[in-house]
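Understanding the architecture of this molecule
Read off the chains here:
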Amino acid sequence: MKVFVYSCRKFDEEALFYRFAEQYGIELGICREAPTLENAGLARGASYLSIITSKIERPLMERFASMGIRMISTRTVGYDHIDLEAAKEFGVGVSNATYTPECVADYTIMLMLMAIRKMKRIMQRAAINDFTLQGIQGRLLSSFTVGVLGTGKIGRQVIKNLSGFGCRVLAYDLFESDEVRSYAEYTDLETIYRECDLITLHMPLTPENDHMINRDSIARMRDGVVIINTARGGLIDSQALIEGLESGKVGAAGLDVVEKEFGMYYYDRKSDLLGNRELSILRDLPNVVVTPHMAFYTDQSISDMVGHSLLSCRLTEDGKENPWKIL
């Protein structure tokens, strides 16, 4: 069987792809670029694709289906960049890849602490030898009531991490977990908006929760609320968040993901006009930390993502149960 890999990074992924391909008996084809209609033909002869967060829209899905691609494996947890309706229509399977939840959970705690301890402003001042204290007094995380939206693997790990800080934790999910109840109290969204000093997002992006953080929901939150997002940018209406920050309703934010990040993050764009006005504003605010979708990025997670993507293809080829199967 052959798997064609798009967007393969030489410096951290390539050696892992060859190692796992040998382990699973897979022939590889490799391309450094993201999949497009122009380079789709490079995958001819393969039955499976491995991609990252590149958009796979209907025309590209149709092209791959016509070439005999059986399944597209995205080596990410999220798969909202893949047109699932088109995949169903053309009979192309879709799978994702999981990685150890500690990487994103640890990063989430880091963003929380950076936000409430005003670390962005501290570092900016220190860089110009301004060692004054006025305006950079922080708060203790133990004094916070934290709301965790989404209690999947990452959300659960965040809650476990928070238990060590001694803060009150409220949780929301459509599917509740007994494990979470050992550390947090499940409640509804309105209670979280009303009572939480900090809200952290750990949900997949779906049509139902797109822009769940918006003008209306922010208006119902506590004054000075801190918002953390290491999940998907589309969960937050960026303009509404900016308005909340400028008015003081939102006290701070830590964002590893933003809207309209496709085609931007993971590329050298220093000489380009990004065309993302909201990102430019958010990066300039002194109480906002923005990082380029890096929460997952550890040695263990990259190994997990590459290995699980290829194993997903191997299991499908062999007709075995595939724990990463989406379609």
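Here's what I pulled together on the structure shown here. This one's a predicted model, so the numbers in the text were calculated from it and none came from an experiment. (Residues numbered from 1 in each chain as written. Predicted model: local features only at pLDDT ≥ 70, side-chain atom pairs only at ≥ 80, totals over all residues. Heavy atoms only, no water.)

1. Quick notes on the overall build of the protein chain
- A tally of regular secondary structure across the protein chain gives 11 helices and 12 strands.
- Projected onto its principal axes, the C-alpha positions of the protein chain cover 65 × 50 × 35 Å.
- Counting every position in the protein chain, which comprises 327 residues, the buried fraction comes to 53%.
- A fraction of 65% describes how many contacts in the protein chain between residues 6 or more apart in sequence connect residues 24 or more apart.
- Here the protein chain displays about 15,600 Å² of accessible surface, and carbon together with sulfur accounts for 51% of that area. (Helix = DSSP H or I, 4+ residues; strand = E, 2+ residues; numbered from the N terminus. Buried < 20%, exposed > 50% of the residue type's maximum accessible area, 1.4 Å probe, protein only. Contact = heavy atoms within 4.5 Å. Areas by Shrake-Rupley, 256 points an atom, 1.4 Å probe, with all protein chains shown as cover.)

2. A word on helix H11 (residues 299-317)
- Here H11 contains 19 residues, and its C-alpha end-to-end distance of 28 Å stays within 8% of the 27 Å for a straight helix at 1.5 Å per residue.
- When you tally the buried positions in H11, you get 14 out of 19 residues, the bulk of the element.
- Positive backbone phi, approximately 70°, marks glycine 319, located one or two places after H11. (Expected span 1.5 Å × (residues − 1).)

3. Focus: the layout of surface pockets
- Looking at the largest pocket, its volume works out to about 1,500 Å³.
- Considering the residues around the largest pocket, the lining is formed by 48 residues, among which Val77, His202, Met203, Pro204 and Leu205 are closest to the centre.
- Listing elements by their share of the lining of the largest pocket, those giving two or more residues are helix H6 (153-163) and H11.
- No other element matches the three residues that H6 contributes to the lining of the largest pocket.
- Split by residue class, the lining of the largest pocket holds 26 nonpolar, 14 polar and eight charged. (1 Å grid on protein atoms, 1.4 Å probe; cavity = no way out; pocket = protein on both sides within 12 Å on 5 of 7 lines; lining within 4 Å. Points joined across faces, edges and corners; volume = space filled by probe spheres on them. Nonpolar A, V, L, I, M, F, W, Y, C, P; charged D, E, K, R; others polar.)

4. Some points on empty space enclosed by the protein
- Tallying each qualifying case throughout the model produces one cavity of 30 Å³ or more.
- There is about 50 Å³ of room inside the largest cavity.
- When grouped by side-chain class, the residues that make up the lining of the largest cavity number six nonpolar, three polar and one charged.

5. Remarks on the sheet that holds strand E7 (residues 168-172)
- Strand order in this open sheet of seven strands is E8-E7-E6-E9-E10-E11-E12, and the pairing throughout is parallel. The strands lining the two open edges of the sheet, one partner per strand, are strand E8 (185-186) and strand E12 (288-290).
- Contacts from helix H4 (residues 102-116) reach strand E6 (145-149), strand E9 (198-201), strand E10 (225-229), strand E11 (250-255) and E12, with the element oriented near 150° to E10.
- Along the sheet, helix H9 (residues 238-247) makes contact with E10, E11 and E12, crossing E11 at roughly 135°. (Pairing = 2+ DSSP bridges. Axes fitted to C-alpha atoms, helices over the stretch in contact; angles between N-to-C directions.)

No statement about biological role is implied by the geometric values presented.
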